[in-house]
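# Chains, contacts and geometry: an overview
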Amino acid sequence: MADPMRIRAQVAGDKATVRVLMSHEMETGQRKDAAGATIAAWHIQEVSAQHNGKTVMTAQWGPAVSKNPFMQFNVKGAKVGDKVTISWVDNKGDKRTDEAVVS
Amino acid sequence: MQNRREMLSHSVKVAAMLAAVGLMPGLAQAQAAAYNTPAFAAKTLAEVMKALGAAMPAESKDVTITGPDIAENGAVVPVGAATTLPGVKRLLMMVEKNPAMLAAMFNVTDAIDANISTRVKMGQSSDVYAVAMMNDGKVLFARKEIKVTLGGCGG
Amino acid sequence: MSRQNEARPRRAILLASAMLVCLAAGAQTKSPADGIAEYRKMLEDGNPADLFEAKGEALWKQRRGPKSASLEACDLGKGPGNVKGAWAEMPRYFADTARVQDLESRLLTCMETLQGLSAAEIAKTPFGRGEQSNVTALATWIAAESRGMRFNVPQGHAEERRFYELGKRAFFFRGGPMDFSCATCHSEEGKRIRLQDLPLLTKNPGDGIGFAAWPAYRVSNGEMWSMQLRLNDCFRQQRFPYPGFASEATIALGSYMGVNAKGALSIAPGLKR
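Everything numeric in this text was worked out from a predicted model, so none of it was measured.

Turning our eyes to something else, we now look at the environment of Ile65(B). Residues and elements named next belong to chain B. Structurally, Ile65 can be placed in strand β2 (residues 63–66). The spacing of Ile65 and Phe141 is 76 residues in sequence and 8.6 Å in space, taken between C-alpha atoms. Other than its neighbours up to four places away in sequence, Ile65 contacts Val79, Gly80, Ala81, Val128, Tyr129, Ala130, Ala142, Arg143 and Lys144.

This next bit is on the nonpolar core. Nonpolar side chains tend to gather and get buried jointly when the protein is soluble and globular. Leu91(B), Met94(B), Leu102(B) and Ile142(C) are the most contacted members of the largest nonpolar core, which has 139 residues in total. Top element by residues in this core is helix α7 (residues 130–144) of chain C. It accounts for eight residues.

So, about the interface of chain B and chain A. The partner chain A presents 34 residues to the 37 residues of chain B that form the contact. Contributing elements (two or more residues each) for the side of chain B that touches chain A: α1 (4–20), α2 (27–32), β6 (102–108) and β7 (115–120) of chain B. The element contributing the most residues to the side of chain B that touches chain A is β6(B), with seven residues. Split into classes, the residues belonging to the side of chain B that touches chain A amount to 23 nonpolar, 11 polar and three charged. Two elements, strand β4 (residues 54–61) of chain A and β6(B), share five bridges in a ladder whose sense is antiparallel. Across the sheet, residue Thr58(A) finds its bridge partner in β6(B), namely Asn107(B).

Moving on: helix α8 (residues 158–172) of chain C. Residue and element names in this part refer to chain C. Compared with an ideal rise of 1.5 Å per residue, which puts 15 residues at 21 Å, α8 spans 22 Å between its outermost C-alpha atoms and is within 8% of the ideal. Among the residues of α8, those classed as buried are Phe163, Tyr164, Gly167, Lys168 and Ala170. For α8, the angular spread of buried residues about the axis comes to 165 degrees, placing them on one side. For α8, the exposed residues set more than 90 degrees away from the buried face come down to Ala158 and Glu165. Lining the buried residues of α8 we find β2 (99–101) and α11 (248–260).

The subject of this paragraph is the sheet that holds strand β7 (residues 270–272) of chain C. Residues and elements named next belong to chain C. Taken in spatial order, the three strands make up an open sheet running β6-β5-β7, and their pairing is mixed. The outermost strands of the open sheet, each flanked by one partner alone, are β6 (223–225) and β7. Ignoring which end each strand starts from, the neighbouring axes of this sheet average 30 degrees apart. Relative to β6, strand β5 (residues 216–218) is paired through three bridges, and the arrangement is antiparallel. In the strand pairing of β6, Tyr217 is matched with Met224.

Moving on to the packing of α8(C) against α11(C). All names here are of chain C. At a closest axis distance of 7 Å, the pairing of α8 and α11 adopts a crossing angle of 100 degrees. With respect to their mutual orientation, α8 and α11 come out roughly perpendicular. Of α11, the residues touching α8 (which contributes Glu160, Phe163, Tyr164, Leu166, Gly167, Lys168, Ala170 and Phe171) are Ala249, Ile251, Ala252, Leu253, Ser255, Tyr256 and Val259. For the contact of α8 with α11, the class distribution of residues is 11 nonpolar, two polar and two charged.

Another point: the sheet that holds strand β1 (residues 6–12) of chain A. Within a sheet, neighbouring strands are paired by backbone hydrogen bonds and run either parallel or antiparallel to one another. The sheet built from six strands is open, its strands ordered β1(A)-β2(A)-β5(A)-β7(B)-β4(B)-β2(B) with antiparallel pairing. With partners counted over all chains shown, the strands left at the sheet margins are β1 of chain A together with β2 of chain B, one partner each. Averaged over all pairs of adjacent strands, the angle between their axes in this sheet comes to 15 degrees, without regard to strand direction. As paired elements, strand β5 (residues 70–76) of chain A and β7(B) share two bridges and run antiparallel to each other. Within the sheet, the bridge partner assigned to Met71(A) lies in β7(B) and is Thr118(B).

Inspection of the secondary structure puts Leu43(C) in helix α3 (residues 32–44). With 22 C-beta atoms counted inside 10 Å, the residue Leu43(C) sits in the buried group. With 215 residues separating them along the chain, Leu43(C) and Gly258(C) place their C-alpha atoms 27 Å apart. Discounting residues that sit within four places of it in the chain, Leu43(C) has contacts with Val76(B), Pro78(B) and Leu271(C).

All names here are of chain B. Of all seven residues in strand β4 (residues 77–83), six are buried, a share of seventy percent or more. With four bridges joining them, β2 and β4 adopt antiparallel strand pairing. Bridge assignment links Ile65 to a residue of β4, and that residue is Ala81. Relative to β7, β4 runs antiparallel, the two sharing six bridges. Each bridged residue has a counterpart across the sheet, and for Val79 the counterpart in β7 is Thr118.

Along the polypeptide, Leu21(A) turns up in strand β2 (residues 15–21). With 51 residues separating them along the chain, Leu21(A) and Gln72(A) place their C-alpha atoms 9.1 Å apart. Beyond its immediate stretch of four places on either side in the chain, Leu21(A) contacts Met5(A), Arg6(A), Asn68(A), Phe70(A), Gly46(C), Pro48(C), Asp50(C) and Leu51(C).

For the rest of this paragraph, the subject is the interface of chain B and chain C. In this complex, chain B contributes 18 residues to the contact, which on the side of chain C involves 27 residues. Those elements that provide at least two residues to the side of chain B that touches chain C are α1 and β3 (70–71) of chain B. Looking at the side of chain B that touches chain C residue by residue, the class counts come to seven nonpolar, seven polar and four charged.

Parameters and conventions
Residues numbered from 1 in each chain as written. Chains lettered and ligands numbered in written order. Predicted model: local features only at pLDDT ≥ 70, side-chain atom pairs only at ≥ 80, totals over all residues. Helix = DSSP H or I, 4+ residues; strand = E, 2+ residues; numbered from the N terminus. Contact = placed C-beta atoms within 7 Å. Core = buried A, V, L, I, M, F, W, Y, C linked by C-beta atoms within 7 Å. Buried ≥ 20, exposed ≤ 12 C-beta atoms within 10 Å, placed from the backbone. Nonpolar A, V, L, I, M, F, W, Y, C, P; charged D, E, K, R; others polar. Pairing = 2+ DSSP bridges. Expected span 1.5 Å × (residues − 1). Arc of directions from axis to C-beta. Axes fitted to C-alpha atoms, helices over the stretch in contact; angles between N-to-C directions. Parallel < 35°, antiparallel > 145°, perpendicular 65-115°, else oblique.

Bear in mind that shape data such as this cannot, by itself, settle questions of function.
Okay, here's the thing in C-alpha cells:
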C-alpha cells in the first residue's frame, strides 16, 4: 500500500482551499535503466475528490504529472469540520485514499 | 492528540471498510469513465481534441494559465488552469513539446472553482496550454511559454 | 540626430528595434535570476519533503526491529525522546558512545541499541533503499523539529573542538583526480556553477543557506537528501571516494560547517532544484 497523502484543507471565505501532496513515482515509461532496459510506466491515472462524501472533482492524469504530485483546488461552500477525501488509482491498479478535516 | 500517522491510518481503515461494503466514494465514478489512453498518447493538440471528441480550441482571454516564466528544473513545473466563465466541463493542461501533449485532465463540477493547479514535467522549453471544455461544446484556451533551464551541480 | 538617421536609416532602425526587443524582453520575462526566484517561490507551498517528514514521525514512534521497540527513548543530545531543537545542536559529543556524532550517526546508534537493527548493515545500504530510506525519513522529521531555530552546535567538550579542527582539515584537503577540496567550491564569496549559487562555508553563509538548507527535497530527481547524502554527492562531484556513511570525516565536516553556521536559521526540510 502506498505511503499516505498529505492533505490540507483550509477555509478561506466561503470556500476551502485544498492542497494535496501524493507519494508516487510517476514513472513516465520513457526512461532507461543502467542496463539500457526501459523502466516501465507507473503513474497515477485517476484521481477523485469528495466533500462530505459527495464527489466534487475527478481527474485523469498522464505520466507527465510530476513525481510526488501536488494538486490544489477550491471547494465551494466548505466549512470548518467538513471532510475532504482524496483517492487515486494508478496504472498498476494500486490505490490510495486519504481524508482530511477542513480547518 | 493523534499524530498524523494515526489519523491517516484511521482514515484508511474507514476507507477500507467503505470499500468492503461497496461504498468507496468516488472511485466507482472515476473507474466508470474509462481512462482515455488515446488522449494521453496523442502528440498534437488536434490529436488530443479528437481523442476527447471535442472541437479545436479558440484562444480566449477568459481562460488563464499560470506558471513561471522560467523553470529551474523541468521535472517540476507548477501550472494552473482557470476560467471565470460558468459552465465548465473540463480543464486540461498540455505541454506542446512533450512526447505526449496532454498532462492532466480535470472534470469540473459546480462544487469547485474552475481553478486547479498541479505540477507537470517538461522535457524542454515549450508552450503550455490551459484548455477549458465548456458544457455547451465550446473549447477555449490560454497559452504561455515556459522556459526550462538545466541547473548546474550542487545546490 | 534625425539627419544621422536619414543618412544611415538601416542602422538606426536596427538599433532601435534591438533596443525595443531588449526592453520588451525585460518587461515580459524579468531577469533570469528573478525568474528563478519566482519559480522557487511557486514551489514553496507543497514541498514533497512533507511526505518524508510524516513518514519519519511515524517511524520514530513505531515499534520495529528484533527488539520491537520505538525510537522514543533515543537521546539526540537533549535527553531521551527530546527531539525539538536537537538538530540545531548537532554534531555533538555523546557520553554513552564517547564520541562526537551527527544526526545520522546517532540514529544508527539508537536503531541498534534500542531496536536491535544492525548499524553496520544500514551504513552499507545504498541511499534510498531499505533502512537507509528510513534513516533519511527520520532525519527529515527530526530536522523539521528544529525548523525556525538557529544553529548552536556545541564546542564545550574537547572532542567537539577536535572534530571542528578535523573538519577544517578535511574541508581544505585537496585530493582525487581533479585535486579538488570542499574549499575549491565553497571558500569564496559569490561563486556559482551555472545557476547554482555556491554557499561560502568557512563562515555563516546566512539563514537557510548551506548547512542550514539541508535536509532538502531535490525536485530534479525527486529524492529526499539528508546531510550525509549531500556530503556523499559532494565527494562524488569531486571524483573523490565517499568516506563512508556516518564516518568520522563526514561527522567532522558537519562539525566544521555547523559551528561556522552558528546563528543561522534552519529552514529544513528545504526544497532544492
